[in-house]
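What follows is the residue order along each chain.
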2 protein chains.
Amino acid sequence: MEFHVYDTTLRDGAQQEGLNLSVADKLAIARHLDGLGVGFIEGGWPGANPRDTEFFKRAVSELALEHARLAAFGATRRVGVRAADDPQVAALRDSGASVVTLVAKSHDRHVELALRTTLEENLAMIRDTVSHLREEGQQVFLDAEHFFDGYRANRDYALEVLKTAYEAGAEVIALCDTNGGMLPTWVADVVNDVREQTQGAVGIHCHNDTGCAVANTLAAVDAGAMHVQGCINGYGERTGNADLVSVVANLQLKMGREVLPTGLLGEATRVAHAVAEVTNVPPAGRQPYVGASAFTHKAGLHASAIKVDPDLYQHMDPAGVGNDMRLLVSDMAGRASIELKGRELGYDLSADRDLVTRVTERVKEAEQRGYTFEAADASFELLLIEEVEGARPSFFDVESWRVISEARGDGSAGSNGSGAADTEAIVKIHADGVRHVETGEGNGPVNALDQALRAAITRAFPVVADFDLIDFKVRIFEGATTRRVDQGHGTDAKTRVLIETSDGSTSWTTVGVGANVIEASWEALVDGLTFGLRAHVGETTPAKGPELE
Amino acid sequence: MEFHVYDTTLRDGAQQEGLNLSVADKLAIARHLDGLGVGFIEGGWPGANPRDTEFFKRAVSELALEHARLAAFGATRRVGVRAADDPQVAALRDSGASVVTLVAKSHDRHVELALRTTLEENLAMIRDTVSHLREEGQQVFLDAEHFFDGYRANRDYALEVLKTAYEAGAEVIALCDTNGGMLPTWVADVVNDVREQTQGAVGIHCHNDTGCAVANTLAAVDAGAMHVQGCINGYGERTGNADLVSVVANLQLKMGREVLPTGLLGEATRVAHAVAEVTNVPPAGRQPYVGASAFTHKAGLHASAIKVDPDLYQHMDPAGVGNDMRLLVSDMAGRASIELKGRELGYDLSADRDLVTRVTERVKEAEQRGYTFEAADASFELLLIEEVEGARPSFFDVESWRVISEARGDGSAGSNGSGAADTEAIVKIHADGVRHVETGEGNGPVNALDQALRAAITRAFPVVADFDLIDFKVRIFEGATTRRVDQGHGTDAKTRVLIETSDGSTSWTTVGVGANVIEASWEALVDGLTFGLRAHVGETTPAKGPELE
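Everything numeric here is computed off the predicted structure, so don't read it as measured data. (Residues numbered from 1 in each chain as written. Chains lettered and ligands numbered in written order. Predicted model: local features only at pLDDT ≥ 70, side-chain atom pairs only at ≥ 80, totals over all residues. Heavy atoms only, no water.)

**What to know about the overall build of chain A**
For step 1, the next point in the chain: The number of helices and strands found in chain A is 17 helices and 16 strands.
For step 2, the next point in the chain: A separation threshold of at least 6 residues defines the contact pool for chain A, and within that pool the share at least 24 residues apart is 69%.
For step 3, the next point in the chain: Element-wise, carbon and sulfur atoms account for 48% of the exposed surface of chain A, whose accessible area totals about 18,800 Å². (Helix = DSSP H or I, 4+ residues; strand = E, 2+ residues; numbered from the N terminus. Contact = heavy atoms within 4.5 Å. Areas by Shrake-Rupley, 256 points an atom, 1.4 Å probe, with all protein chains shown as cover.)

Encoded structure:
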């Protein structure tokens, strides 16, 4: 058989704490997974809940999958009924999915305590359900739940479950380390024994409770497994499922197995982040292969050597997974990386040692106060320009700003909610000798300030109307997120805001730090607009505002 | 030799993007690591930067380590000088650390391109530096940098480096997968070959670029390595170093190697989270063994079976690492978990099926609107009480609140900063028929509201003066953190706030959701105080406020 890359993000991945997928989310994720070229997408459990039922209804009509086939997940027939008469089995049969993955108990204690039936009836349930669905013309895979624990508890019965399913027509049986307690050598031993004792394709389904989900999956493939299950970004209950991205990248780039359609592994970073946008789980910067930090270098030691030969310091070319090498500006990086970073931004600093020293000092000093330029290239570039040109770019002067939020009643839209609060911001600035006073209304203080500030600046610089605030990240540090009571009230913490501004074609990120979210946001908003204006207006005298014509 | 657990959080871990450790941070982390019972703590590179130099100065006098020994990290002597005359080597010799870990090149291309010297000189540098430090009475370990890549490029030279170091007196040589590209079977093969070709203790130092750092480390131990290096919580550059917590837990609980002093593995969860507080890197909920989600169950399917026998659904007893099993309230969990959760909070719901249905519906509906009760037990309990008792506990009515923030100039404390903004909040509430109007000043809107609200309520309920807001987390979802431009401005996003309130002895968490941080915070603040008042005041009639006496 050909090798199976089987994604279960929409079913097992959705078990993750804090992860909640709407039908629309699931359809969007399925499209992204198809774009990565996975062979199978497990869409959920039709009949088990309305959401999954609706997903399959819509998936069949709305999804035009190019590479993947849709799999419906479900259980074997209930105790004591015919498979054909079991409504849950019918939901699988009628799901419209050409593949059904049946979960079956292979651990004797689970059969007796959780399923509350006999070991014989469990085998009959598997036999009946598999053969019924096969007769109905579907392809049937089997998830042998708790297989590895079951194998330890009762090897004969665990193997009996596999034989029964193969004989009934299961094409692949995925051995599941449901509780995730396995290590690679153990997985390899069990898979080898299973392959000796049974005929049929073996699959593997691992969880990361020992931190070895990826390695366990690879160990199973080394031992002959031809079907790997996992979730993109390693989503899943508890510690997560095997990260399908790492599994596939290792299989192709390290073990030389071409398991994805040619070229599609290069989409991995884009797809991994696109799915993270849908799940709204912030992408893990340290995720292997596709993380924002996966090919990032910080230490000055490295930075200087990277000038000589980048390949000395990376285990592969990041382009292979659609990722990039990044260099960070940080007080640990020192002069070498400041120089490299400058070059990255188009400034040759090598000639001017004093300049490099001044910039390095500025960066260190700002980082002491909570700034980070690792993500905020635009703020770093403004700092750089200030040192290079002797003055910080400035297109307007701020006279003052004010934000007012108020509510009658409890003012929360909450469970006991009685309607939202009103927020308005007044911003007074001077541009090109003209005073602009604008009021902004928003659904919150930062939004209101953003509206008012851009309204005021647009008078002098119409291009600002095209700018758009597309990302807004708040990080509370010192105290708050660190629960250091000794540092006083949680709300006394310092706030760092990262704002990403777009002009429609490119985007840039600025950072602000302050005692609270409004202050910090204001700084990031001002720098974001300033950076954009410099790019579009160039020199720092404003275009004629309409009111001067 | 006895097995070495060697932590390099303070040196290699500190290379992580966004991680910035002060000397005080490093001292605090060293104490936590000692509490976990690691054998060696690599403190940094004395002489390389002022921070590390100061750390060693203070560590020697201030740290009273019970289990761990301090190791100083540094490089072999410079090209063409005597080890005794190299100031960098002197800094190691005089660091006060009884162990020095020397990093040495073992990859021929790195010697030629990065070190810019001959292969012979590199061997001499190793020989001289190791023997010099040994003569000076220090224990010497060697980090063979890029060893696995070097072994592939030039096996003979890589082995020659090891032999040279052993002969010069290195007690342990840690084979470093510096670029992190290895897989477990490869690591095992190389370690086996090294042990055949050389005499001496072998160590292992892995990075997680293939997602296999933990498994690679275990593979090396299986092949005879007696020294494991890693970082707590898997901190480190790029994708991080091997997570020392997972490595040690696997060695003890899965492989039966007692590598920590008896009983201390039970401190793992506490220590991992304590260190995360110091580093201010939010703990990874899905971290194996010690993550908040590591033993958490969400699916209704599981929840019902867990009633029968918890051990069917966990790979080990969480108590072994100081963690707990948790059940989550979620719309995927359904009635079974609502019932279990109620029991956890001391409410027996099994009798009243309608009640369970109502609560489940309320939870689903709230989660649709962005609430999460997974972390906010107190908010869930208020909801539960409301359904059980027919009314939500209420100790005061809110008439209105208002927050004003304003600044002259740009109002940011930022790089171009001209002083902070002023914020004040006015809160009007009614308690026990008395109207209380209070103003709060704070460094931000939430802080000011918190001050004003507690000032007003304290009049009626003096106990509130003992309450303290100890944690404040902001999560922006829909739009903002997900960069969905199609959802409009980033600042249009919805905000979820989690607030942890303490009465000095216990603490509880409440959740608020709103169009902006102020609204959401207000809801969480009100619920936080309400929950605390119910616990302290009991029934919902206020104590006589002073103004009535």
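Having seen it, we continue.
**Quick look at the environment of Leu70(A)**
Residues and elements named next belong to chain A.
For step 1, the next point in the chain: Within the secondary structure layout, Leu70 lies in strand 3 (residues 69–75).
For step 2, the next point in the chain: For the pair Leu70 and Leu36, spaced 34 residues apart in the sequence, the C-alpha separation amounts to 15 Å.
For step 3, the next point in the chain: Setting aside residues up to four positions removed in sequence, Leu70 forms contacts with Ile41, Phe55, Phe56, Ala59, Leu65, Ala97, Ser98 and Val99.

**Overview of the sheet that holds strand 8 (residues 227–230) of chain B**
Residue and element names in this part refer to chain B.
For step 1, the next point in the chain: Strands sit in the order 1-2-3-4-5-6-7-8 around a closed barrel of eight strands; the barrel is parallel. Across the sheet, the mean angle from the axis of one strand to that of its neighbour is 25°, orientation sign disregarded.
For step 2, the next point in the chain: Where strand 1 (residues 4–7) lies against strand 2 (residues 40–44), two bridges are found, and the strand directions are parallel. Bridge pairing links Tyr6 to Phe40 in strand 2.
For step 3, the next point in the chain: The strands that helix 9 (residues 213–222) touches are strand 6 (172–177), strand 7 (201–206) and strand 8; relative to strand 7, the one it contacts most, it runs at about 170°. (Pairing = 2+ DSSP bridges. Axes fitted to C-alpha atoms, helices over the stretch in contact; angles between N-to-C directions.)

**Points about the domain arrangement of chain A**
The parts lose accessible area when they come together, and the size of an interface is often stated as this lost area.
Residues and elements named next belong to chain A.
For step 1, the next point in the chain: Domain boundaries in chain A define domain 1 (4–279), domain 2 (296–367), domain 3 (370–379 + 466–480 + 491–540) and domain 4 (396–406 + 421–460).
For step 2, the next point in the chain: On a C-alpha basis, the centres of domain 1 and domain 2 stand 43 Å from each other.
For step 3, the next point in the chain: Of the roughly 480 Å² buried at the junction of domain 1 and domain 2 (both faces included), carbon and sulfur atoms supply 54%.
For step 4, the next point in the chain: On the domain 1 side of the contact with domain 2, Leu253, Lys254 and Thr269 bury the most area, a combined 68% of that side's loss.
For step 5, the next point in the chain: Taken together, the links from domain 1 to domain 2 amount to zero salt bridges.
For step 6, the next point in the chain: On inspection of domain 1 and its partner domain 2, the count reaches three residue pairs in polar contact (both at pLDDT 80 or more).
For step 7, the next point in the chain: Within the residue set of the side of domain 1 that touches domain 2, elements represented by two or more residues are helix 10 (244–254) and helix 11 (268–279).
For step 8, the next point in the chain: Residue contributions to the side of domain 1 that touches domain 2 peak at three residues, all from helix 10.
For step 9, the next point in the chain: Of the residues assigned to the side of domain 1 that touches domain 2, the class counts are four nonpolar, two polar and one charged. (Domains from an automatic or database assignment. Buried area = accessible area lost by both parts, 1.4 Å probe. Salt bridge = Lys/Arg side-chain N within 4 Å of Asp/Glu carboxyl O. Polar contact = N/O pair within 3.5 Å; in protein donor to acceptor, adjacent residues only side chain to side chain. Nonpolar A, V, L, I, M, F, W, Y, C, P; charged D, E, K, R; others polar.)

**Here's the deal with the UniProt feature "domain: Pyruvate carboxyltransferase" (unreviewed entry) in chain A**
For step 1, the next point in the chain: The UniProt feature table records "domain: Pyruvate carboxyltransferase" (unreviewed entry) at residues 3–270 of chain A.
For step 2, the next point in the chain: For residues 3–270 of chain A, helix accounts for 44% and strand for 17%, while the C-alpha atoms at its two ends are 24 Å apart. (UniProt positions renumbered as here; feature names shortened; annotations may be inferred.)

**Digging into the packing of helix 15 (residues 377–389) of chain A against helix 17 (residues 517–537) of chain A**
Between two packed helices, what matters for the description is the angle formed by their axes and the separation of those axes.
All names here are of chain A.
For step 1, the next point in the chain: Two numbers describe how helix 15 lies on helix 17: the axes approach to 10 Å, and their chain directions differ by 65°. Helix 17 is crossed by helix 15, and the crossing has left-handed handedness. Facing helix 15, whose interface residues are Ala378, Ser379, Glu381, Leu382, Ile385 and Glu389, helix 17 presents Asp527, Thr530, Phe531 and Arg534.
For step 2, the next point in the chain: Here the residues of the contact of helix 15 with helix 17 are counted per class, giving four nonpolar, two polar and four charged. (Left-handed = near helix turned anticlockwise from the far one by under 90°.)

**Quick word on the packing of aromatic side chains**
Residues and elements named next belong to chain A.
For step 1, the next point in the chain: One pass over the full model with this rule turns up 26 aromatic pairs over all chains.
For step 2, the next point in the chain: Taken together, a centroid distance of 5.7 Å and an interplanar angle of 90° make the contact between Phe395 and Phe461 edge-to-face. You can see Phe395 sitting in the loop between helix 15 and strand 11 (397–408) and its partner Phe461 sitting in the loop between helix 16 (445–460) and strand 14 (468–477), a full 66 residues away along the chain. You'll find Phe395 and Phe461 in the same group, each marked buried.
For step 3, the next point in the chain: Linked through ring pairs, Tyr6, Phe40 and Phe141 together constitute an aromatic cluster. (Phe/Tyr/Trp six-rings, centres within 6.5 Å; stacked < 30°, edge-to-face > 60°. Buried < 20%, exposed > 50% of the residue type's maximum accessible area, 1.4 Å probe, protein only.)

**Focus: the side chain of Ser95(B)**
All names here are of chain B.
For step 1, the next point in the chain: Note on placement: Ser95 falls in the loop between helix 3 (87–93) and strand 4 (99–105).
For step 2, the next point in the chain: A distance of 2.8 Å separates a polar side-chain atom of Ser95 from the backbone oxygen of Leu92.
For step 3, the next point in the chain: Setting aside residues no more than four positions away along its own chain, Ser95 makes contact with Pro46, Phe56, Val60, Ala72 and Gln138.

**With respect to the sheet that holds strand 1 (residues 4–7) of chain A**
Residue and element names in this part refer to chain A.
For step 1, the next point in the chain: Spatially, eight strands are ordered 1-2-3-4-5-6-7-8 in a closed barrel, and the strand pairing comes out parallel. With strand direction ignored, the average angle separating the axes of adjacent strands in the sheet is 25°.
For step 2, the next point in the chain: Where strand 2 (residues 40–44) meets strand 3, four bridges bridge the pair, whose relative direction is parallel. Of the residues in strand 3, the one forming a bridge with Gly44 is Ala72.
For step 3, the next point in the chain: Running over the sheet, helix 10 touches strand 1 and strand 8 (227–230) and is turned about 150° from strand 8.

**Describing the pattern of salt bridges**
For step 1, the next point in the chain: Inspection of every chain in the model, using the stated rule, returns 55 salt bridges over all chains.
For step 2, the next point in the chain: The salt bridge involving Arg11(A) is made with Asp143(A); its shortest N-O contact spans 3.9 Å. Here Arg11(A), found in the loop between strand 1 and helix 1 (23–36), pairs with Asp143(A), found in strand 5 (residues 139–145); they are 132 residues apart in sequence, far enough to count as distant.
For step 3, the next point in the chain: By relative accessible area, Arg11(A) is classed as buried at 13%.
For step 4, the next point in the chain: A residue is classified by how much of its surface remains accessible, and Asp143(A), at 2% relative accessible area, is buried.
For step 5, the next point in the chain: A salt bridge links Arg392(B) to Asp527(B); its shortest N-O distance comes to 3.1 Å. Within this pair, whereas Arg392(B) is found in the loop between helix 15 (377–389) and strand 11 (397–408), its partner Asp527(B) is found in helix 17 (residues 517–537), the two being separated by 135 residues in sequence. There is no split in this pair, since Arg392(B) and Asp527(B) are both buried.
For step 6, the next point in the chain: The structure contains a network of salt bridges with shared partners spanning Arg358(A), Arg362(A), Glu386(A), Glu387(A), Arg392(A) and Asp527(A).

**Looking at the state of the cysteines**
All names here are of chain A.
For step 1, the next point in the chain: This model, assessed by the stated rule, comprises zero disulfides over all chains.
For step 2, the next point in the chain: Cys176 takes part in no disulfide bond, and the closest cysteine sulfur to it belongs to Cys206, at a distance of 8.7 Å.
For step 3, the next point in the chain: The buried category is assigned to Cys176, whose relative accessible area is 4%. (Disulfide = S-S within 2.5 Å.)

**A look at the environment of Leu498(B)**
All names here are of chain B.
For step 1, the next point in the chain: If you trace the backbone, Leu498 turns up in strand 15 (residues 494–502).
For step 2, the next point in the chain: Overall, Leu498 belongs to the buried group, its relative accessible area being 18%.
For step 3, the next point in the chain: Separated by twelve residues in sequence, Leu498 and Thr510 place their C-alpha atoms 5.7 Å apart.

**So, the confidence of the model for chain A**
Residue and element names in this part refer to chain A.
For step 1, the next point in the chain: With 89% of its residues at a pLDDT of at least 70, chain A reaches an overall mean of 87.
For step 2, the next point in the chain: Overall, residues 413–418 carries pLDDT values under 50, and its contacts beyond four positions in sequence, including any with other chains, amount to 24 contacts.
For step 3, the next point in the chain: Two summary scores accompany this predicted model of the complex, namely pTM at 0.74 and ipTM at 0.74. (pLDDT = per-residue confidence, 0-100.)

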